Amino acid sequence: MKQSIHILPEDIASKIAAGEVIQRPASVVKETLENSIDAGARNIVVTIKESGKALMQIADDGQGISPSDVTVAFERHATSKIQSYDDLENIRTLGFRGEALASIAAVAQVEIKSRVDDEEVGLSMKVEGAMKRDPEPCGMETGTMLTVKNLFYNTPARRNFLKTNATEFKHILETIQRAALAYPDIAFTFISDDDTVFSVEPSNLITRIRELFGEELSEGLMECNEETDYLTVYGFLAKPEYSRRTRNDQFLFLNRRYIVNRAINHAVYRAYEHLLIKGSYPFYVLFIDVDPSRIDVNIHPSKLEAKFDNERSVYGIVTSVVRKTLAQHDMMPSLTISDTVEGTPRTHTTPNREQSPLHMFRVNPKTGELIEETIRREEKRENFNLFQRDSFKIPQRRDPESHYEHEGEQKSHDSSAESGLIYQLHNKYILAQIRSGLMIIDQHVAHERILYERALKRFTTQNPASQQLLFPETVELGHAEVELVKEIHPLLHTLGFDLKIFSKNTIVIEGIPADVRPGYEHNILQKVLDEYRSTMDAQIDVRDNLAKSFACKTAIKSGDSLTDEEMRDLIDQLFGTEMPYVCPHGRPVVIKLSVEELDKKFGRT
Ligand code: ADP
Ligand code: MG
């Protein structure tokens with residue numbers, strides 16, 4: 001049942017971001033579309049003449065306005081959508097300011113026709129320069145139709161400020177497109193100067209995108225969907241090769257409200273970073289849903305901006321969701337060297353293939369060579385098991401003489417000699433030759449990915465692997481840290497920490513996870529706890545956060561020198577993970593440089 005329309009008391013009205021909402025024809029369309037959607041419309045028709053300068057008419061089949069409310073609807077701060085200050089903190093409708101109808105009527109000649117279900121007829125009322133005429137009955141279906149003529153007729157200076165018809169038309173088109181994307185379940189028809197610009201039936205998001213942006217683009221879309229305690233992110237991202245020259249085709253919706261948020265746009269852009277040609281922008285339609293009490297949309301009259309109570313974590317989540325989606329679709333970052341040869345086109349992604357097979361790399365146990373394989377997605381699981389050695393530890397450094405002495409038949413002489421195949425650069429990156437060219441791996445984040453997935457697996461299988469310390473270590477921790485240890489003790493135990501809480505601030509460590517490398521044992525618990533605490537407010541899942549913190553602190557560091565064998569093991573295990581191309585924090589793990597690209601660079605084409 002619809003609330004009746006009332007005028008907000010002064011103390012609430014004064015809390016609402018003040019400012020003019022009607023700047024151009026598109027603002028009228030935006031505000032009235034919001035009203036139609038809030039009224040539960042299933043079908044909305046927008047008709048304009050001369051790009052809205054002469055006429056705009058928005059008709060819906062929503063619940064309508066009851067006869068007793070038609071007049072008051074045009075008062076300032078008249079709304080049926082919020083009642084109290086609390087409602088303002090918890091907005092679930094697109095409108096809440098109670099300003100649109102009053103503002104439109106102040107600068108145009110308006111006629112409203114509206115009928116609610118339980119009335120036989122509708123009411124029609126004209127409002128001009130805020131002068132309300134007496135309402136008259138009219139025959140119509142349930143719903144509302146607002147007709148707005150001669151915008152800014154009474155403020156010639158502002159009328160002169162309007163841009164060309166082409167520009168104003170574009171603004172209106174974009175406004176309707178945004179609403180149509182946000183609400184694929186509603187039918188929209190847009191008619192301009194008697195031509196139907198588009199007419200779309202209720203459907204789902206992907207169909208809606210196809211109808212609005214064409215078949216070709218819709219084929220290059222990747223779906224994403226991620227849920228955390230704090231928010232849900234879903235929608236479609238276009239593959240890098242479908243990128244646009246402008247930022248216009250980046251659609252971001254917060255609780256189905258189109259918003260502009262530079263930080264989030266940047267979060268998406270960052271995830272694509274290595275995949276895009278300079279000056280191009282990814283197409284995306286991304287929805288973020290979050291509890292309305294955690295955001296503030298009342299910061300600008302146009303409601304185009306919104307503040308999150310935890311913007312940094314939103315940024316992080318969006319970047320990793322996008323990276324994950326790109327990785328799942330085998331959009332492996334390839335190296336982009338700044339163009340020196342003008343007009344040389346570059347290959348930025350591995351070509352996208354049907355059924356998106358995965359690139360896998362593994363080490364041939366006989367020859368020690370790296371093999372690049374293309375594997376269909378379904379086969380990957382098997383491969384995962386094959387190469388996942390749960391108790392694996394990157395071997396301790398040995399003296400070079402005895403290097404292969406325990407390797408038995410695998411004792412090989414070839415791999416280190418054929419140094420062209422694998423190489424450690426500045427104790428930081430692993431360079432490996434693959435069939436298509438060169439692969440560069442960041443050793444730290446690669447190991448992080450491996451340990452992260454292993455930790456998560458331990459949590460699900462409840463299968464701890466611990467190495468006992470020869471001499472149990474007694475550590476003094478702060479009160480808060482001990483409390484934290486108590487709280488996550490079962491998880492720490494599953495990871496492999498064998499702990500006893502001795503007193504209020506003393507803990508005895510008897511064992512540490514088997515994954516901790518020799519030389520990394522010292523203070524490992526404190527380091528993991530510190531990292532955990534510093535990322536704790538990020539609203540991520542406790543297990544996920546602990547797995548990340550553990551992986552981050554236990555992984556080989558940049559600066560550690562690795563043997564050939566260690567590097568090969570690392571690569572082997574990396575490509576046995578679910579998501580080899582992205583580290584748990586969303587940074588790229590692997591970059592590829594193809595021979596083709598090198599050939600181009602050297603003018604060999
Ligand atoms: P707001 O949307 O912020 O409440 P508006 O000035 O846009 O303020 O509208 C005032 C009120 O008029 C709304 O709260 C709503 O009750 C009613 N209203 C406006 N447009 C429609 C519509 N298309 N269908 C039903 N009710 C409407
Ligand atoms: Mg409104």
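Residues numbered from 1 in each chain as written. Chains lettered and ligands numbered in written order. Predicted model: local features only at pLDDT ≥ 70, side-chain atom pairs only at ≥ 80, totals over all residues. Heavy atoms only, no water.

We now examine the layout of surface pockets. In this structure, the second largest pocket occupies an estimated 980 Å³ of space. Around the second largest pocket sit 40 residues that line it, and Arg178, Tyr258, Ile259, Val260 and Leu304 are the ones nearest its centre. At the level of secondary structure, the elements contributing two or more residues to the lining of the second largest pocket comprise helix 2 (25-38), helix 6 (165-182), strand 14 (250-254), strand 15 (257-258) and helix 9 (262-272). Residues lining the lining of the second largest pocket come from more than one domain, with at least three contributed by each of domain 1 (10-202) and domain 2 (207-328). (1 Å grid on protein atoms, 1.4 Å probe; cavity = no way out; pocket = protein on both sides within 12 Å on 5 of 7 lines; lining within 4 Å. Points joined across faces, edges and corners; volume = space filled by probe spheres on them. Helix = DSSP H or I, 4+ residues; strand = E, 2+ residues; numbered from the N terminus. Domains from an automatic or database assignment.)

The subject of this paragraph is the site of ligand 1. Asn35, Thr79, Ser80, Lys81 and Gly98 are the nearest of the 21 residues found near ligand 1. Between ligand 1 and Asp60 there is a distance of 2.9 Å, counted from a nitrogen atom to a side-chain nitrogen or oxygen. Contact between ligand 1 and Ser80: an oxygen atom at 2.6 Å from a side-chain N or O atom of the residue. Of all the secondary structure elements, the ones that give two or more residues to the shell around ligand 1 are helix 2, strand 4 (78-79) and helix 4 (100-107). Among the residues making up the shell around ligand 1, the classes are represented as eight nonpolar, eight polar and five charged. (Near = heavy atom within 4 Å. Polar contact = N/O pair within 3.5 Å; in protein donor to acceptor, adjacent residues only side chain to side chain. Nonpolar A, V, L, I, M, F, W, Y, C, P; charged D, E, K, R; others polar.)

Running from N to C, helix 13 (residues 443-461) and helix 16 (residues 542-554) point in directions that differ by 140°, and their axes come no closer than 8 Å. As far as their axial angle goes, helix 16 and helix 13 are oblique. Note on packing geometry: the crossing formed by helix 13 with helix 16 is right-handed. Residues His444, His447, Glu448, Leu451, Tyr452, Ala455, Leu456, Phe459 and Thr460 of helix 13 form the contact with helix 16, whose participating residues are Arg543, Asp544, Leu546, Ala547, Lys548, Phe550, Ala551, Cys552 and Thr554. The residue inventory of the contact of helix 13 with helix 16, partitioned by class, reads ten nonpolar, four polar and four charged. (Axes fitted to C-alpha atoms, helices over the stretch in contact; angles between N-to-C directions. Parallel < 35°, antiparallel > 145°, perpendicular 65-115°, else oblique. Left-handed = near helix turned anticlockwise from the far one by under 90°. Contact = heavy atoms within 4.5 Å.)

As a further point, take helix 10 (residues 311-328). Given 3.6 residues to a turn, an α-helix orients residues that are three or four positions apart in the same direction. End to end, helix 10 covers 26 Å across 18 residues, agreeing with the expected 26 Å (1.5 Å per residue, within 8%). Listing the buried residues of helix 10 in full gives Ser313, Val314, Tyr315, Ile317, Val318, Thr319, Val321, Val322, Arg323, Thr325, Leu326 and Ala327. Tucked into the core, helix 10 has its buried residues touching strand 12 (221-227), strand 13 (231-238), helix 9, strand 16 (284-290) and strand 18 (307-308). (Expected span 1.5 Å × (residues − 1). Buried < 20%, exposed > 50% of the residue type's maximum accessible area, 1.4 Å probe, protein only.)

What follows deals with the packing of aromatic side chains. Per the stated rule, a full pass over the model turns up twelve aromatic pairs. Ring geometry for Phe213 versus Phe251: centroids 5.5 Å apart, planes at 50°, classification tilted. Of this pair, Phe213 sits in helix 7 (residues 205-213) while Phe251 is found in strand 14, placing the two residues 38 residues apart along the sequence. For the pair Phe213 and Phe251, a shared accessibility class is recorded, and that class is buried. Seen in terms of ring centroids, Phe253 and Tyr258 are 5.9 Å apart; in terms of plane orientation they differ by 70°. Their pairing is edge-to-face. For Phe253, a relative accessible area of 0% translates into the label buried. For Tyr258, a relative accessible area of 16% translates into the label buried. Linked through ring pairs, Phe213, Tyr234, Phe251, Phe253, Tyr258, Phe283 and Phe287 together constitute an aromatic cluster. (Phe/Tyr/Trp six-rings, centres within 6.5 Å; stacked < 30°, edge-to-face > 60°.)

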